[in-house]
Amino acid sequence: ISESKEIQNSAFFRREKNNPPKDKEAKLGDKIIWESLLSYLSEKRSERPTLIFVSRDNKAWRSDISETPEFNPWLQKEFKEKTRGKVILVNNLSQIPGLTRTEQKKIKDEEEKERKRNIILRLKTHIPEKLKVANTFDYATKIMKWIESRTEFIDEDNINQILKASVNNLNL
């Protein structure tokens, strides 16, 4: 899907009108994604597309008024009007409808491997850096609680990095 100047302009106007998808920092990224999808799939209007949207970004894509995790109704309505299709929102690839149990298990296993790789990466890079610059005891405690809940991933090198970052923090 190409990102044209028209798509960028549409995303800009969407932001100016404060229309979803919402974003913490009022950036254009999610809005460009949405405008690109609308543009591409509206060309295939006769096909009544089903868009399977995989995201955990609650602020941008989910309803902020519903108790259940559903795709933003405003976006769902817009999608239907422009494409005659529907949107299915899932958190993970393993939740895509129509997968066999074998496919779901294989994908879940890969998702779990990826989750573990991300935790290890955070422990090696992001967490020591955050501890080094934490400017309140509460924030440092929050970081330590995050670490504590993932002790099975911590090795001796992580412990040394975490201790060094904590000791070198001049704010605490």
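Remember, predicted model here, so these are calculated numbers, not experimental data.

1. A closer look at unusual backbone geometry
Residue Pro 21 is bonded to the preceding Pro 20 through a cis peptide linkage, with omega at 5°. Tracing the chain through its elements places Pro 21 in the loop between helix 1 (5-16) and helix 2 (29-42). Unlike most non-glycine residues, Asn 18 shows phi in positive territory, near 60°. Counting through the fold element by element, Asn 18 comes out in the loop between helix 1 and helix 2.

2. As for the packing of aromatic side chains
Within this structure, the stated rule accounts for seven aromatic pairs. Residues Trp 34 and Trp 61 carry aromatic rings whose centres are separated by 5.9 Å and whose planes lie at 50° to one another, so their mutual orientation is tilted. One end of the pair, Trp 34, is in helix 2; the other, Trp 61, is in helix 3 (residues 58-61), and 27 residues separate them in sequence. Taken individually, Trp 34 and Trp 61 each receive the classification buried, so the pair is uniform in this respect. A centroid spacing of 5.5 Å and a plane angle of 55° characterise the contact between Phe 53 and Phe 71, whose relative ring orientation is tilted.

3. Some remarks on the pairing of strand 1 (residues 50-54)
Both faces of the sheet carry side chains from a regular strand, because those side chains alternate between them. Burial of strand 1 is one-sided: the residues Leu 51 and Phe 53 facing one way are buried, the residues Thr 50, Ile 52 and Val 54 facing the other way are not. Pairing of strand 1 with strand 2 (residues 86-90) involves five bridges; the strand directions are parallel. Paired with Val 54 across the bridge in strand 2 is Val 90.

4. Overview of a nonpolar patch on the surface
Side chains of Ile 52, Val 54 and Leu 93 sit close together on the surface and give an oily, nonpolar patch of about 220 Å² of accessible area. Here Ile 52 is to be found in strand 1.

What counts and how
Residues numbered from 1 in each chain as written. Predicted model: local features only at pLDDT ≥ 70, side-chain atom pairs only at ≥ 80, totals over all residues. Heavy atoms only, no water. Helix = DSSP H or I, 4+ residues; strand = E, 2+ residues; numbered from the N terminus. Phe/Tyr/Trp six-rings, centres within 6.5 Å; stacked < 30°, edge-to-face > 60°. Buried < 20%, exposed > 50% of the residue type's maximum accessible area, 1.4 Å probe, protein only. Pairing = 2+ DSSP bridges. Patch = residues over 30% accessible without salt bridge, like charges linked within 9 Å, V, L, I, M, F, W, Y side chains within 5 Å. Areas by Shrake-Rupley, 256 points an atom, 1.4 Å probe, with all protein chains shown as cover. Salt bridge = Lys/Arg side-chain N within 4 Å of Asp/Glu carboxyl O.

No statement about biological role is implied by the geometric values presented.
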